[in-house]
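Analysis of the macromolecular model
If you want the building blocks of each chain, they are given just below.
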Amino acid sequence: MDWWVWALLGVAVLLAAVVVHDLTQRRHAILRNFPVVGHLRYLLEAIGPELRQYIVTDNDSDKPFSRDHRRWVYATAKRTDPYYGFGTDNDLEGSNHYVIVKQAAFPLDAPRSAPPGDRDDRLPMAKVLGGARGRRDAWRPNSAVNVSSMSYGSLSGRAVESLNRGAALAGCWQGTGEGGITPHHRHGGDLVWQIGTGYFGCRDAAGRFDPARFRAVVEAEPTIRAIEVKLSQGAKPGIGGLLPAAKVTPEIAALRGVPVGVDCVSPAAHSAFGDADSLLDFVESLAEMSGKPVGIKTAVGDDALFRDLARLMAHGDRGIDFLVVDGGEGGTGAGPLVFTDHVALPFKVGFARVYRVFAEAGLTDRVVFLGSGKLGLPGAALLAFALGCDGVNVGREAMLSIGCIQAQRCHTDRCPTGVATQSRRLQRGLDPTDKSVRCANYLSALRHELLRLSRACGVAHPALVTTEQVEILDDRFGSESARSVFGYDADWGRPGPTDVAALGRLLDDGPGSN
């Protein structure tokens, strides 16, 4: 037999071995779904810095998450080296709206109580969720970083399970998304049950809110810690939600009570209430039926809602327990381009306006403020805390931690990593046992970096960082403090004295929740 025949046989055996390895390994979804050719992705990723010296794309030009940002999430999720060499490649003096953290002359040292080698990531929330209104099941979350609401349907069952297991490992909560609670959410993680305009999980035959079904779900699901009423989301506010027909499988149709293989459209507005006054009535009825803290999630457009809420809450007899402000730069599984690009204010602008309304009404100590919309990187998250957030919810960054490669095919049901698809073949590549650990590693790393940044500023917790400790650069060698840029008063953005004192005791005494 000629030598070249032996060579071809050798190559064939080698390829067969690679195929078997790729199909049976569980660490990389791309290799499991696309054996052999999937290695090209990792090869290009490995030699990317060298190639980018000669091609157009650089470390910071990709959208919505740059290559540097994605690499940081991947590295922290895998617990590989998250450091970068040779200094920043960002153009600090030529960048508009660039965030700079002002380190203190005398920063704080990290506490020495953690065992050697363990990551210091204990970051309790500064406020008690539901405490101001005395909810029966009020609690102080052990983590100020949590997983944002993303529905089963938009995400695959294995992705939802990975996030839930990861939340359990990291000691944080997972938002359910408006698609309701499913078997994929029942893997040990605490839940914030999101109720949208479709009332999935608590709706009657006509699609309206059903109090009896709501009570039944709360009683049957011990991991529900809070209720989130979704008014809108940053990526597509004002038009409701959409789950494309390709993703409406028989299982999802049964869980949501909708037809199989037909676009599942959530209405633009709620049928259970129609203004701020009736919204507060609805919130209080949910709290009374469940005993849980109840809040709202919304993008920011017309600010009349927030002024009305502040005016009505000033009486003290009704109120929301928490408010999630979702930036217009936030993510979605499917949305019209004009809405994703042009409707709703971006997070920093929108949140600052909302916080101002409650601060001027003297209500900031009675509401837990949460932010979402590209806040899963340490610098962005720290600015959110300085502006007054008590916690941040991370969505797409958590997806990246479990294998998302920003293919932006979420709406097609052809996500190559199995994260945002209902295809069984593509989901096969996503192993929840492995990916849940990566999710937890990422969440832990984000908390760790927030603590390091806070101590660099001379305080022990990001909620104590002020808007004077963050500056915003422009592209003309100018700079202003975040306080000046957003028009904050000196005492805005920080928890009240009672919460600061309680937070200090928690940080001194060790983990625990109230």
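The rules behind each value
- Residues numbered from 1 in each chain as written.
- Predicted model: local features only at pLDDT ≥ 70, side-chain atom pairs only at ≥ 80, totals over all residues.
- Heavy atoms only, no water.
- Helix = DSSP H or I, 4+ residues; strand = E, 2+ residues; numbered from the N terminus.
- Rg over C-alpha atoms; globule rule 2.2 N^0.38 Å.
- Areas by Shrake-Rupley, 256 points an atom, 1.4 Å probe, with all protein chains shown as cover.
- Lys, Arg positive; Asp, Glu negative; His and termini not counted.
- Charge placed at Lys NZ, Arg CZ, Asp CG, Glu CD.
- Salt bridge = Lys/Arg side-chain N within 4 Å of Asp/Glu carboxyl O.
- Buried < 20%, exposed > 50% of the residue type's maximum accessible area, 1.4 Å probe, protein only.
- Core = buried A, V, L, I, M, F, W, Y, C linked by side-chain atoms within 4.5 Å.
- Patch = residues over 30% accessible without salt bridge, like charges linked within 9 Å, V, L, I, M, F, W, Y side chains within 5 Å.
- Expected span 1.5 Å × (residues − 1).
- Phe/Tyr/Trp six-rings, centres within 6.5 Å; stacked < 30°, edge-to-face > 60°.
- Lys NZ or Arg CZ within 6 Å of the ring centre and 35° of its normal.
- Axes fitted to C-alpha atoms, helices over the stretch in contact; angles between N-to-C directions.
- Parallel < 35°, antiparallel > 145°, perpendicular 65-115°, else oblique.
- Left-handed = near helix turned anticlockwise from the far one by under 90°.
- Contact = heavy atoms within 4.5 Å.
- Nonpolar A, V, L, I, M, F, W, Y, C, P; charged D, E, K, R; others polar.
- 1 Å grid on protein atoms, 1.4 Å probe; cavity = no way out; pocket = protein on both sides within 12 Å on 5 of 7 lines; lining within 4 Å.
- Points joined across faces, edges and corners; volume = space filled by probe spheres on them.
- Pairing = 2+ DSSP bridges.
- Polar contact = N/O pair within 3.5 Å; in protein donor to acceptor, adjacent residues only side chain to side chain.

1. A short note on the overall build of the protein
- Looking only at helices and strands, one finds 18 helices and 13 strands in the protein.
- On C-alpha atoms alone, the protein measures out to a radius of gyration of 23 Å, which is about the 24 Å that the 2.2 N^0.38 rule sets for 514 residues.
- Its C-alpha atoms give the protein principal-axis dimensions of about 95 × 60 × 45 Å.
- Carbon and sulfur atoms provide 55% of the accessible area of the protein, an area that totals close to 22600 Å².
- One finds the centroid of the 57 positive side-chain charges in the protein at a distance of 5 Å from the centroid of its 58 negative side-chain charges.

2. A short note on the pattern of salt bridges
- Counted by the stated rule, this structure contains 21 salt bridges.
- Measuring nitrogen to oxygen at the nearest pair gives 3.1 Å for the salt bridge that ties K127 to D390. Residue K127 is found in the loop between strand 1 (98–101) and strand 2 (145–147), and its partner D390 is found in the loop between helix 13 (378–387) and strand 11 (391–394); the two are separated by 263 residues along the sequence.
- In this structure, R438 engages D434 in a salt bridge whose closest nitrogen and oxygen atoms are separated by 3.4 Å. On the criterion of helical spacing, the pair formed by R438 and D434 is a turn pair, its members being four residues apart in helix 16 (residues 432–456).
- Residue classification places R438 among the buried residues on the basis of a relative accessible area of 7%.
- Residues joined in a network through salt bridges with shared partners are R133, R135, E284 and D321.

3. Description of the nonpolar core
- Ranked by internal contacts, the top residues of the largest apolar core, which has 110 residues, are W193, L323 and F358.
- Here this core takes eight residues from helix 12 (residues 347–360), the largest share from any one element.

4. Some words on a nonpolar patch on the surface
- Taken together, the side chains of W3, W4 and L8 make up a nonpolar region of the molecular surface, amounting to roughly 430 Å² of accessible area.
- As for its position among the elements, W4 is in helix 1 (residues 3–24).
- According to the relative accessible area criterion, W4 is partly exposed, its value standing at 44%.

5. Focus: helix 16
- Helix length check: helix 16, at 25 residues, gives a terminal C-alpha distance of 36 Å against a target of 36 Å (1.5 Å per residue), a fit within 8%.
- Summarising burial for helix 16: 20 of the 25 residues are buried, a large majority.
- Once helix 16 finishes, G458 follows within two positions and takes phi at roughly 90°, a positive value.

6. A few points about the packing of aromatic side chains
- Scanning the entire structure with this criterion turns up 15 aromatic pairs.
- When the ring of F358 is compared with that of F369, the centres are 5.8 Å apart and the planes differ by 75°; the resulting orientation is edge-to-face. Residue F358 is located in helix 12, and its partner F369 is located in strand 10 (residues 368–372); the two are separated by 11 residues in the primary sequence. The burial state of F358 is the same as that of F369; both residues are buried.
- The aromatic ring of W139 is capped on one face by R225, whose charged end is 3.9 Å from the ring centroid.
- A cation sits over an aromatic face here: K374 above F65, 5.4 Å from the ring centre.

7. Some thoughts on the packing of helix 9 (residues 276–290) against helix 10 (residues 304–313)
- Interhelical geometry of helix 9 versus helix 10 gives an angle of 60° and a closest axis separation of 9 Å. By the angle between their axes, helix 9 is oblique relative to helix 10. Classified by chirality, the crossing of helix 10 by helix 9 is right-handed. On helix 10, the residues touching A276, D277, L279 and L280 of helix 9 are L305, D308, L309, L312 and M313.
- By residue class, the composition of the contact of helix 9 with helix 10 is seven nonpolar, no polar and two charged.

8. Looking at the environment of W173
- Within the element layout of this structure, W173 appears in strand 3 (residues 173–175).
- Since its relative accessible area comes to 4%, W173 is described here as buried.
- Taking C-alpha positions, W173 is 5.4 Å from N146, a pair spaced 27 residues apart along the chain.
- Ignoring sequence-local partners within four residues, the contact set of W173 consists of M125, L129, W139, P141, N146, V147, A167, D190, V192, L370 and N393.

9. Some details on empty space enclosed by the protein
- The final tally for this structure, using the stated rule, is four cavities of 30 Å³ or more.
- The calculated volume of the second largest cavity comes to roughly 100 Å³.
- Surrounding the second largest cavity, 14 residues form its lining, K230, L231, S232, G240 and G241 being those nearest its centre.
- Residues of the lining of the second largest cavity, tallied by class, amount to four nonpolar, seven polar and three charged.

10. A few points about unusual backbone geometry
- One non-glycine residue with positive phi stands out, namely R79, at about 55°.
- Tracing the chain through its elements places R79 in the loop between helix 5 (67–78) and strand 1.
- Despite not being glycine, Y199 has its phi angle at roughly 55°, a positive value.
- Position of Y199 among the secondary structure elements: in the loop between strand 4 (190–195) and helix 7 (211–220).

11. A closer look at the pairing of strand 12 (residues 470–473)
- In the sheet, strand 1 pairs with strand 12 via four bridges, with the strands oriented antiparallel. Note on strand 12: the bridge partner recorded for V101 is V470.
- In this sheet, strand 13 (residues 479–481) lies alongside strand 12 in antiparallel orientation, the contact comprising three bridges. Bridging from a neighbouring strand, L473 pairs with S479 of strand 13.

12. Re the environment of F106
- Along the polypeptide, F106 turns up in the loop between strand 1 and strand 2.
- C-alpha of F106 to C-alpha of G458: the two residues are 352 residues apart in sequence and 6.5 Å apart in space.

13. A short note on the environment of K374
- Assignment of secondary structure puts K374 in the loop between strand 10 and helix 13.
- Here the alpha-carbon distance between K374 and T298, two residues 76 residues apart in the chain, equals 15 Å.
- If we ignore the near neighbours within four places in the chain, the residues touching K374 are P64, F65, E329, A380, R396 and E397.
- A distance of 2.7 Å separates a polar side-chain atom of K374 from the backbone oxygen of P64.

Honestly, that's just the spatial picture; any functional story needs more than this.
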